[in-house]
Protein chains: 4
Amino acid sequence: MGSFKGHALPGTFFIIMGFWWGTKSILKYVYKKQTRTCYLSSKTLLRRAEIWEGVVSIFMALTGIVGEQFISGGPYLILYKDGQWNQLLGWHHTTMYFFFGLQGATHILCFTTNFLPLSLSKLMLSNAIFVESFIFYNHTHGREMLDVFVHQLLVFTTILTGLVTFMEFLAKNNVLLELLRSSLIILQGTWFWQIAFVLYPLSGSPPWNLTDIENKMFLTMCFSWHYASTFIIIGLNYTFITWLVKSRLKKVCTSEVGLLKNAEREHESEEEV
Amino acid sequence: MGSFKGHALPGTFFIIMGFWWGTKSILKYVYKKQTRTCYLSSKTLLRRAEIWEGVVSIFMALTGIVGEQFISGGPYLILYKDGQWNQLLGWHHTTMYFFFGLQGATHILCFTTNFLPLSLSKLMLSNAIFVESFIFYNHTHGREMLDVFVHQLLVFTTILTGLVTFMEFLAKNNVLLELLRSSLIILQGTWFWQIAFVLYPLSGSPPWNLTDIENKMFLTMCFSWHYASTFIIIGLNYTFITWLVKSRLKKVCTSEVGLLKNAEREHESEEEV
Amino acid sequence: MGSFKGHALPGTFFIIMGFWWGTKSILKYVYKKQTRTCYLSSKTLLRRAEIWEGVVSIFMALTGIVGEQFISGGPYLILYKDGQWNQLLGWHHTTMYFFFGLQGATHILCFTTNFLPLSLSKLMLSNAIFVESFIFYNHTHGREMLDVFVHQLLVFTTILTGLVTFMEFLAKNNVLLELLRSSLIILQGTWFWQIAFVLYPLSGSPPWNLTDIENKMFLTMCFSWHYASTFIIIGLNYTFITWLVKSRLKKVCTSEVGLLKNAEREHESEEEV
Amino acid sequence: MGSFKGHALPGTFFIIMGFWWGTKSILKYVYKKQTRTCYLSSKTLLRRAEIWEGVVSIFMALTGIVGEQFISGGPYLILYKDGQWNQLLGWHHTTMYFFFGLQGATHILCFTTNFLPLSLSKLMLSNAIFVESFIFYNHTHGREMLDVFVHQLLVFTTILTGLVTFMEFLAKNNVLLELLRSSLIILQGTWFWQIAFVLYPLSGSPPWNLTDIENKMFLTMCFSWHYASTFIIIGLNYTFITWLVKSRLKKVCTSEVGLLKNAEREHESEEEV
């Protein structure tokens, strides 16, 4: 992982998953709000999507593990060599990926069998994120100030994400909590990219001064901007999906929607009180 | 912001908003308690007030941003100049104001369209306050002891406020949580004024010794007194509004109130059990 | 407060209040569980007790304030003298007592008027305890190791108590949370006594070595024992009150209780599922 | 406790209890899900098991106390000897065991009498675990880096376990929270064994270098693996019990189950919405 690619890969994974989770939550919410009659028909579709989500999670985790272990001088699954630990940083990353893979497997089990509570998947996600925080927290011994700082922000994000996921697990079906989690996951993804650019500048760009306090103050602000940009991504996604669902519903069941719109307005005004 | 005015301005903004939020919460609560029949008539009024609140938020945020960027040698929207970061402290403040502006915009969207859940506005407020905490936390490198301490207290207040706002977002319609948030926002506002007086004493008054531990101990206590004074402000406001609503209702619908008062007493005794 | 009496006084206050709060919670719970018919008759009595509780709170707070300000060379209400702060430690304690007095006043207002939500009293209690934590946290600059440690444990207890009180405020009518708070308040009281004995040994006993790590380790354990002893106090109180209510009810309304006992057993088994 | 056995003993206790708690939770959950008619018949059995659980807890606590006090040069119940504290570390462990014994006693009282709320047992468990964290936190003065680190991880686990137990106490009947607690308790148990192997290597194996940062990084990862293994233990247990209950029910009441399976499927699809 000690390279540009090693940070860009998980960054991309997190952005994809965050975007997909956001999309899923918005779809469910908008659908439910617009219509109650048509909702049940899309259930089988949703269940299939959930299973695919699990498969993609496992695939990502395996890619990460293989990349860490076998590419560019990784530990090749050897933990202890010549009287000392063999490339523990690589093993750390392998462990993190493993927990995300476990979450993917649980997700599939939850949606294919009847025996497990559905919220188990959320609990495992929260677990995987907390384990990631824990390992990153103990990951940066003896590095330079800015290097430590950008990883601290990563730990900070993951702890927040883990907490929000855990809250979701307790308070089911709160769409805003789900979107908050998505935005935090996307934030984590874009921040991985930022770390890649800071620590391993592309050929041509000058290296960052890792001991300059001014850089730290800039990155503090930069982190906030990343966060703001996740709002914009999710906001645009929300607008697009709302428009899509509305226009599609108009075609399918015009008469029903007419009736439902009134119901909806009523519901809205109740909520307001 | 490195001046008396730069601290007095946000201080005033927070006091105004805190006072208005307190007033709104009390009005809603007292109104609901006194009567259920007359309540619905004032709904359109309330919705209009909410939209105006959003407009005022955006206006305040813009004022702050313009003030930070263009007044008395600000960065003039230039982030990087002559091989180094350009006035990052000013940019920090701009970022904070931006998030409060974003909250204002969301607030307007929530109350003018039907597509967004109303509690999104509260979530964005909590976000804006947390971002403020985060930036202030990384804001005071290499300053003197007392300067750091008064800003730490600010961070402390904002973290608490953010937590309370988040709780409000989860547990809707709890009037006391809303008042607690108002009092913390007012506290933040008056504390900004206190910081202004401590760090930039008005001409005539002697400067504070920024390394004296006695001053730190005094400011600890002073902070508690500020907090106590916010209770008094909100308490007086509560008394005034209760009196106002009661006397106004007496004129409008005397007969109805007679009936409702009994219902109210009953409700009260139920709550007690 | 820098004396044996200065610590024994608040200690005694907290023990009394903790014991009374425990008694009140147990009485309410046992009464409610044993009978639903007789309960309402004791309501006026309870309301009167609540008002008295507020009066006693205010009295205790005033005693504390007067003691801190006017006895044995206190600041005599003078904050600034001869170009420096006048006895800030005394003023700190005054501020703490003031917030508890405020809570007492709110408690009375809540139970004499109809305009305030009853849970406001609990919120103010939580506030008073948090302010106490905050001030104690900034209270021990430049003292010796063991002195700092025993005060840290105090801060630790008060933060926990504040959190539990705040939870009570959110989740109303949970008897075990109320008893947990009582036990933490009693713990705080007995710990004040322990501090008095450690820092101001009575004449005859040898002084404690304030820099010995062994003493710190003993006090850690001692703190746990204090906590265990609060369980025993509350347990005995619980047993006594249960017995009292049962025997008193047997006399008053024997036939009714016969019917209710079955209902109770049913309820119990429902809870179990 | 300063020996291999002193760490292996509590480790074994925690593994046993964690496994039993997991089994109990799964049994209850699977049983409830499969059938509602047969459930009540097993209630008496469950109550008896709860009482036995309390007895075993007390027995374990007593074993621990006796072991700490009287075996291999313990303090023999003498707290203060020759002008100094007598073996405080042993006394620390005694105190921890005592709180777990107290929990056992409360557990028995809750399930044999009608006077106590059932969730008191959970509150006492949370208390016992928090006291354990508190004592361990103040337990490792002046030890070597790795020794401190493995105990910090213990404190970390116990604080998390205490929080989860407290949440369980507030949000009753959440099977996943119960399993999370079980897995954390098992983690604590296996981690005690790990500590034993690290600090007191069995004869033949080389001692660990207690100041090597590489060892710390390995143990970080190792801790995560322990956590993952608790999932596997609980997962296997879950699968086994589900299979057992299903096959046993098939024999006993085939016709009923046929009816219930449909109800179950319906319930499942409701949950999904």
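The rules we used
Residues numbered from 1 in each chain as written. Chains lettered and ligands numbered in written order. Predicted model: local features only at pLDDT ≥ 70, side-chain atom pairs only at ≥ 80, totals over all residues. Heavy atoms only, no water. Helix = DSSP H or I, 4+ residues; strand = E, 2+ residues; numbered from the N terminus. Buried < 20%, exposed > 50% of the residue type's maximum accessible area, 1.4 Å probe, protein only. Contact = heavy atoms within 4.5 Å. Areas by Shrake-Rupley, 256 points an atom, 1.4 Å probe, with all protein chains shown as cover. Salt bridge = Lys/Arg side-chain N within 4 Å of Asp/Glu carboxyl O. Least-squares fit on C-alpha atoms with pLDDT ≥ 70 in both. Buried area = accessible area lost by both parts, 1.4 Å probe. Polar contact = N/O pair within 3.5 Å; in protein donor to acceptor, adjacent residues only side chain to side chain. Nonpolar A, V, L, I, M, F, W, Y, C, P; charged D, E, K, R; others polar. UniProt positions renumbered as here; feature names shortened; annotations may be inferred. Axes fitted to C-alpha atoms, helices over the stretch in contact; angles between N-to-C directions. Left-handed = near helix turned anticlockwise from the far one by under 90°. Expected span 1.5 Å × (residues − 1). Phe/Tyr/Trp six-rings, centres within 6.5 Å; stacked < 30°, edge-to-face > 60°. Parallel < 35°, antiparallel > 145°, perpendicular 65-115°, else oblique. Patch = residues over 30% accessible without salt bridge, like charges linked within 9 Å, V, L, I, M, F, W, Y side chains within 5 Å. pLDDT = per-residue confidence, 0-100.

## A few points about the overall build of chain A
Counting its regular elements, chain A contains eight helices and two strands. The order of α-helices and β-strands along chain A, N terminus first, is α-α-β-β-α-α-α-α-α-α. Residues counted as buried form 55% of the 273 residues belonging to chain A. The long-range share in chain A, meaning contacts at least 24 apart out of those at least 6 apart in sequence, stands at 75%. Surface accessibility of chain A: about 12300 Å² in total, with carbon and sulfur atoms responsible for 68%.

## Quick word on the pattern of salt bridges
Residues and elements named next belong to chain A. Summed over the entire model, instances satisfying the criterion amount to 20 salt bridges over all chains. For the salt bridge of K24 with E53, the shortest nitrogen-to-oxygen distance reads 2.8 Å. Of this pair, K24 sits in helix 1 (residues 4–34) while E53 sits in helix 2 (residues 43–70), placing them 29 residues apart in sequence. There is no split in this pair, since K24 and E53 are both buried.

## Details of the relation of the copies chain B and chain C
Rotating chain B by 90° about the axis while translating it 0.0 Å along that axis superimposes it on chain C, leaving an RMSD of 0.0 Å. Such a combination of turn and shift is consistent with a four-fold rotation axis. Residue A171 of chain B, judged by its C-alpha, is the member of chain B lying nearest the rotation axis, at 7.6 Å.

## Focus: the interface of chain D and chain A
Counting residues at the interface gives 36 residues for chain D, matched by 34 residues for chain A. Here chain D meets chain A over a buried area of about 3200 Å², counting both sides, of which 70% is carbon and sulfur. Viewed at the interface, chain A and chain D are joined by zero salt bridges. At the junction of chain D with chain A, the criterion picks out six residue pairs in polar contact (both at pLDDT 80 or more). The element contributing the most residues to the side of chain D that touches chain A is helix 7 (residues 213–252) of chain D, with 17 residues. Residue classes in the side of chain D that touches chain A are distributed as 21 nonpolar, seven polar and eight charged.

## What about the interface of chain B and chain C?
Listed by partner, the interface residues are 36 residues for chain B and 34 residues for chain C. Together, the buried faces of chain B and chain C total about 3200 Å²; carbon and sulfur atoms form 70% of this surface. Our enumeration of links across chain B and chain C arrives at zero salt bridges. Connecting chain B to chain C are six residue pairs in polar contact (both at pLDDT 80 or more). Every element with two or more residues in the side of chain B that touches chain C is listed here: helix 1 (4–34), helix 5 (145–170), helix 6 (175–199), helix 7 (213–252) and helix 8 (254–272) of chain B.

## Let's talk about the side chain of S182 of chain B
Residue and element names in this part refer to chain B. By secondary structure assignment, the location of S182 is in helix 6. For S182, a relative accessible area of 0% corresponds to the buried category. One polar contact links the side chain of S182 to the main-chain amide nitrogen of G22, over a distance of 3.2 Å.

## A few points about the UniProt feature "transmembrane region" (unreviewed entry) in chain A
Residue and element names in this part refer to chain A. Mapped onto the present numbering, the UniProt feature "transmembrane region" (unreviewed entry) falls on residues 12–31, 51–71, 91–111, 118–137, 149–171, 183–203 and 223–245. Along residues 91–111 the backbone is 100% helical and 0% strand, and the end-to-end C-alpha distance reaches 31 Å. Summarising residues 183–203: 81% helix, 0% strand, and an end-to-end C-alpha distance of 31 Å.

## Details of the packing of helix 4 (residues 120–137) of chain D against helix 6 (residues 175–199) of chain D
Residues and elements named next belong to chain D. Two elements in contact, helix 4 and helix 6, have axes whose closest approach is 14 Å; the angle formed by their N-to-C orientations is 35°. In this structure, the crossing between helix 4 and helix 6 has a hand that is left-handed. Residue-level inspection shows K122, L125, I129, E132 and F136 of helix 4 in contact with helix 6, the latter providing R181, I185, Q188 and F192. Per-class residue counts for the contact of helix 4 with helix 6 are five nonpolar, one polar and three charged.

## What to know about helix 2 of chain A
Between its first and last C-alpha atoms helix 2 of chain A spans 41 Å; for 28 residues at 1.5 Å apiece the expected length is 40 Å, and the two agree. S72 of chain A lies just past helix 2 of chain A and shows a positive phi near 45°.

## Quick word on the packing of aromatic side chains
Residue and element names in this part refer to chain D. Under the criterion given, the structure shown has 92 aromatic pairs over all chains. Ring centres 5.9 Å apart and planes at 85° place the aromatic pair F98 and F99 in the edge-to-face group. A relative accessible area of 36% places F98 in the partly exposed class. For F99, a relative accessible area of 2% puts it in the buried group. Both rings, one in Y227 and one in F231, keep their centres 4.6 Å apart while their planes meet at 55°; by these two values the pair is tilted.

## Some thoughts on the packing of helix 1 (residues 4–34) of chain C against helix 2 (residues 43–70) of chain C
Residues and elements named next belong to chain C. Axis separation between helix 1 and helix 2 bottoms out at 11 Å; the angle between their running directions is 170°. Looking at the two axes, helix 1 sits roughly antiparallel to helix 2. Facing L9, F13, I16, M17, W20, W21, K24 and K28 of helix 1, the residues of helix 2 in contact are L46, A49, E50, E53, S57, M60, T63 and G64. Partitioning the contact of helix 1 with helix 2 into residue classes produces nine nonpolar, three polar and four charged.

## Remarks on the environment of T112 of chain A
Residue and element names in this part refer to chain A. Here T112 shows up in helix 3 (residues 88–112). When its relative accessible area of 46% is taken as the criterion, T112 is described as partly exposed. Distance in space between the C-alpha atoms of T112 and F70 is 33 Å, their sequence separation being 42 residues.

## Observations regarding a nonpolar patch on the surface
Residue and element names in this part refer to chain C. Taken together, the side chains of V66, F70, I71, Y76, L77 and I78 define a hydrophobic patch exposed on the protein surface, amounting to about 550 Å² of accessible area. By the secondary structure assignment, L77 is in the loop between helix 2 and strand 1 (80–81). Residue classification places L77 among the exposed positions, given a relative accessible area of 54%.

## A few points about the side chain of E168 of chain A
Residues and elements named next belong to chain A. Looking at the secondary structure, you find E168 in helix 5 (residues 145–170). Judged by its relative accessible area of 4%, E168 is buried. Ignoring sequence-local partners within four residues, the contact set of E168 consists of K122, L177, E178 and R181.

## Concerning the environment of T23 of chain B
Residues and elements named next belong to chain B. Along the chain, T23 falls in helix 1. With 134 residues separating them in the primary sequence, T23 and T157 have C-alpha atoms 21 Å apart. Once residues within four sequence positions are removed from consideration, T23 is found in contact with N237 and I241.

## Description of the confidence of the model for chain A
The share of residues in chain A with pLDDT of 70 or more is 88%, and the mean pLDDT across the chain is 87. At the level of individual helices and strands, chain A shows its lowest average pLDDT in helix 8 (residues 254–272) of chain A, which scores 47, and its highest in helix 6 (residues 175–199) of chain A, which scores 96.

## Concerning unusual backbone geometry
The backbone phi angle of D82 of chain A is positive, close to 50°, even though this residue is not glycine. Secondary-structure assignment places D82 of chain A in the loop between strand 1 (80–81) and strand 2 (84–85).

## With respect to the environment of F130 of chain B
Residues and elements named next belong to chain B. For F130, the location among the structural elements is in helix 4 (residues 120–137). For F130, a relative accessible area of 28% gives the class partly exposed. Filtering out sequence-adjacent residues up to four positions away, F130 remains in contact with I159, G162 and L163.

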